[in-house]
Every structure is written in structure tokens, then in C-alpha cells.
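Listed below, chain by chain, are the residues.
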Amino acid sequence: MGVYLLYICMAATALAAIYRPWIGVVAAYVFVVLTPQCIWYWDFAGIRPVFWTLVPTLLGIIIAFVRGDLDITRLMSRQSLFILTLWFCFVLSSFAGPYVNVNVHRVFQVAWVRGLVDNIFLLYFAA
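In this report, we go over the structure that sits alongside the text. (Residues numbered from 1 in each chain as written. Predicted model: local features only at pLDDT ≥ 70, side-chain atom pairs only at ≥ 80, totals over all residues. Heavy atoms only, no water.)

Brief notes about the overall build of the protein
Reasoning step 1: The helix and strand tally for the protein stands at seven helices and zero strands.
Reasoning step 2: Mapped in sequence order, the helices and strands of the protein form the string α-α-α-α-α-α-α.
Reasoning step 3: Burial status across the protein gives 28% buried among its 127 residues.
Reasoning step 4: At a minimum sequence separation of 6, the contacts of the protein that also span at least 24 residues come to 68%.
Reasoning step 5: Carbon and sulfur atoms provide 72% of the accessible area of the protein, an area that totals close to 9000 Å².
Reasoning step 6: Across the protein, the mean location of the 7 positive side-chain charges is 4 Å away from that of the 4 negative side-chain charges. (Helix = DSSP H or I, 4+ residues; strand = E, 2+ residues; numbered from the N terminus. Buried < 20%, exposed > 50% of the residue type's maximum accessible area, 1.4 Å probe, protein only. Contact = heavy atoms within 4.5 Å. Areas by Shrake-Rupley, 256 points an atom, 1.4 Å probe, with all protein chains shown as cover. Lys, Arg positive; Asp, Glu negative; His and termini not counted. Charge placed at Lys NZ, Arg CZ, Asp CG, Glu CD.)

Brief notes about the packing of helix 2 (residues 21-34) against helix 5 (residues 49-67)
Helix packing geometry: the angle between the two helix axes and the distance between the axes.
Reasoning step 1: The interhelical angle for the contact between helix 2 and helix 5, taken along N-to-C directions, is 160°, at an axis separation of 8 Å. As the angle between them shows, helix 2 and helix 5 are arranged roughly antiparallel. The two elements helix 2 and helix 5 meet at a crossing, and its hand is left-handed. Along its contact with helix 2, which presents P21, G24, V25, A27, A28, F31 and V32, the element helix 5 presents P49, V50, T53, T57, G60 and I61. (Axes fitted to C-alpha atoms, helices over the stretch in contact; angles between N-to-C directions. Parallel < 35°, antiparallel > 145°, perpendicular 65-115°, else oblique. Left-handed = near helix turned anticlockwise from the far one by under 90°.)

Some thoughts on the layout of surface pockets
Reasoning step 1: Of the volumes computed, that of the largest pocket is approximately 630 Å³.
Reasoning step 2: Every residue lining the largest pocket is counted, 21 residues in all, and those nearest its centre are L70, D71, F125, A126 and A127.
Reasoning step 3: Put simply, the parts of the chain that give the lining of the largest pocket at least two residues each are helix 2, helix 5 and helix 7 (110-126).
Reasoning step 4: In terms of residues, the lining of the largest pocket owes the most to one element, helix 5, which gives four residues.
Reasoning step 5: Counted by class, the lining of the largest pocket contains 13 nonpolar, three polar and five charged residues.
Reasoning step 6: Considered as a void within the structure, the second largest pocket measures approximately 280 Å³ in volume.
Reasoning step 7: Forming the boundary of the second largest pocket are 14 residues, of which R48, V50, G115, L116 and N119 lie nearest the centre.
Reasoning step 8: Going through the elements one at a time, helix 5 and helix 7 are the ones with two or more residues in the lining of the second largest pocket.
Reasoning step 9: For the lining of the second largest pocket, the class distribution of residues is eight nonpolar, four polar and two charged. (1 Å grid on protein atoms, 1.4 Å probe; cavity = no way out; pocket = protein on both sides within 12 Å on 5 of 7 lines; lining within 4 Å. Points joined across faces, edges and corners; volume = space filled by probe spheres on them. Nonpolar A, V, L, I, M, F, W, Y, C, P; charged D, E, K, R; others polar.)

A look at the packing of aromatic side chains
Reasoning step 1: Considering all chains together, one arrives at four aromatic pairs under this definition.
Reasoning step 2: A centroid spacing of 5.0 Å and a plane angle of 80° characterise the contact between F51 and W52, whose relative ring orientation is edge-to-face.
Reasoning step 3: Looking at F51, the relative accessible area reads 33%, which means it is partly exposed. (Phe/Tyr/Trp six-rings, centres within 6.5 Å; stacked < 30°, edge-to-face > 60°.)

Examining a nonpolar patch on the surface
Reasoning step 1: A contiguous nonpolar patch, built from I62, F65, V66, L70, I72, L75 and M76 and spanning about 720 Å² of accessible area, is present on the exposed surface.
Reasoning step 2: Residue classification places V66 among the exposed residues on the basis of a relative accessible area of 69%. (Patch = residues over 30% accessible without salt bridge, like charges linked within 9 Å, V, L, I, M, F, W, Y side chains within 5 Å. Salt bridge = Lys/Arg side-chain N within 4 Å of Asp/Glu carboxyl O.)

The following block contains the structure:
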């Protein structure tokens, strides 16, 4: 039952995100923070809610950019440069770090954490 409710929420958010991308950004942040696939892994295994929310959000951002409704001057700030540098350093350390091959638990797998953090940084730039 929970899976169907999640699919309905993701579909409604995806449709709303095409027209209003900020709704998709907020919903994706909620999915990143709550991570229902980690809390209730028996019910939500294999579901990627951030991906299915982020794709329509990026599509909505592209549509807004083509229409001229997007203001990209905020991306050209010093804060965005520092966040981009932090992201680059995180990716570099995740490939060359000392704990790259540790597979103790799913939470500590570097590829899984890197994907989660990449989504958060991508959402920052989308916001």
C-alpha cells in the first residue's frame, strides 16, 4: 500500500515540477532527507524517488530557461563557486580516498553515498 502512495506522490510531484520546478526541488529534498527506501527497505527496495523527481524538475528548468523565465545571475556568485569547489573535492576524495573499498554496510558504501551527495549538490544548483 505504501508503494502505491509513494508512486502517486511521485507522479503528482513530477507533473507539478514540469510547470513549477521549485516544487520538484522541494520534493526531491524531502526524499533525500527522509530516504524511504532506506527506512522501509522491505517496501521500497529498488525505487529511486529522487531520480524520478529530479528528471521532471530538470526538464521544467530547461523549459523555464527556454521561455526566458529563469534568472541565472544567482549561479554566478561566490557562494556557488565555493559549493562547486566543495563538490569537486568531495568527488575527488570519493575516488581516491582511503575507505573507497570498504563494504561493511550499505550506508558506508562510497558509491551509494556519492550518489546521494551528488543529488543534493545538483538540487542546490537547480534551486
